[in-house]
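Read off the chains here:
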Amino acid sequence: MARKKPGVEPIVNLRGKKVALGPLRRDLVPLMHRWMNDFEVTQTLAVGRKPSTLEDQEAWYSARVGSKTERLFHVYRLPDFKPVGNCGLNGIDTQHGLAEFGIVIGEKDCWGKGYGTEACRLLLGYGFEVLGLHTIMLRAFGTNLGAVKAYERAGFKLTGRWREAVVFQGKRYDMIYMDCLASEFRG
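Could you give me a rundown of the sheet that holds strand β6 (residues 135-141), with the residues and numbers involved?
Here eight strands make up an open sheet; going across it, the order is β1-β2-β3-β4-β5-β6-β8-β7 and the pairing mixed. Strands at the two margins of the open sheet, each flanked by one partner only, are β1 (14-15) and β7 (157-168). Sheet analysis places β7 next to strand β8 (residues 171-181), joined by eight bridges and oriented antiparallel. Of the residues in β8, the one forming a bridge with V166 is Y173. Helix α1 (residues 29-36) contacts β3 (71-77), β4 (82-93) and β5 (98-105) of the sheet and is inclined by roughly 85 degrees relative to β4. Strands β5, β6 and β8 of the sheet are contacted by helix α5 (residues 145-154), whose axis makes an angle of about 10 degrees with β8.

Report on the nonpolar core, specifying residues and quantitative values.
Counting 35 residues, the largest nonpolar core has L21, L89, F101, L124, Y151 and F156 as the members making the most contacts within it. When residues in this core are grouped by element, the largest group, eight residues, is from helix α4 (residues 115-130). With near-sequence residues (within four places) excluded, Y151 lies in contact with F101, I103, C120, L138, A140, F156 and M178. Listed in part, the 16 residues of the second largest apolar core include V29, M36, L45 and L78.

Quick one: what's the story with a positive patch on the surface, residue by residue and with numbers?
Side chains of K18, R121, K149 and R153 sit close together on the surface and give a patch of like positive charge. Note that K149 resides in helix α5.

Describe the pattern of salt bridges, naming the residues involved and giving the relevant values.
Pairs can form between side chains of opposite charge once their charged atoms are near each other. Counting across every chain of the model gives 12 salt bridges. The partner of E100 in a salt bridge is R139, and the shortest N-O contact between them spans 2.8 Å. Of this pair, E100 sits in strand β5 while R139 sits in strand β6, placing them 39 residues apart in sequence. What makes R139 partly exposed here is its relative accessible area of 45%.

Cut-offs applied
- Residues numbered from 1 in each chain as written.
- Predicted model: local features only at pLDDT ≥ 70, side-chain atom pairs only at ≥ 80, totals over all residues.
- Heavy atoms only, no water.
- Pairing = 2+ DSSP bridges.
- Helix = DSSP H or I, 4+ residues; strand = E, 2+ residues; numbered from the N terminus.
- Contact = heavy atoms within 4.5 Å.
- Axes fitted to C-alpha atoms, helices over the stretch in contact; angles between N-to-C directions.
- Core = buried A, V, L, I, M, F, W, Y, C linked by side-chain atoms within 4.5 Å.
- Buried < 20%, exposed > 50% of the residue type's maximum accessible area, 1.4 Å probe, protein only.
- Patch = residues over 30% accessible without salt bridge, like charges linked within 9 Å, V, L, I, M, F, W, Y side chains within 5 Å.
- Areas by Shrake-Rupley, 256 points an atom, 1.4 Å probe, with all protein chains shown as cover.
- Salt bridge = Lys/Arg side-chain N within 4 Å of Asp/Glu carboxyl O.
- Lys, Arg positive; Asp, Glu negative; His and termini not counted.
- Charge placed at Lys NZ, Arg CZ, Asp CG, Glu CD.

In short, the description is geometric, and any link to function would need to be established separately.
If you want it as structure tokens, here you go:
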């Protein structure tokens, strides 16, 4: 797994108290590969529970470099700058001021510590204040109630449900839709 050299901080674009966000790095592709092959990590992601090759992750990374409709970041835990996940805005529509939020905290020992909530707030602030977006939305599996609560703490509000749209371990659950408006966001 790729690690930063002692005493050398990665490039950071946004910094909070618990996490910092910085640009995607090619040397972290093997780490993302590990996350995407941990079915406990991917169970609530659109990729689902399927094996991913290193080539899959390299192709994913290459497809995003220079994208005009995505702004993706690594999430680093502070103060040690350990990479713990990724987050980003996808499908950025500058005409209407819209984007979709996504996040994964791949390091399971970092779950439940507020890192995702703070990364979410930092990214919302970036989307509204830097990109000038009006609305940022997300979709979450109804099985992922901890994430839904974190999204609410970050500023998202429930907008609707697609009833029984997701199958998880043989049972049907709702797909939850949430959004945050620039006028409602308090960074």
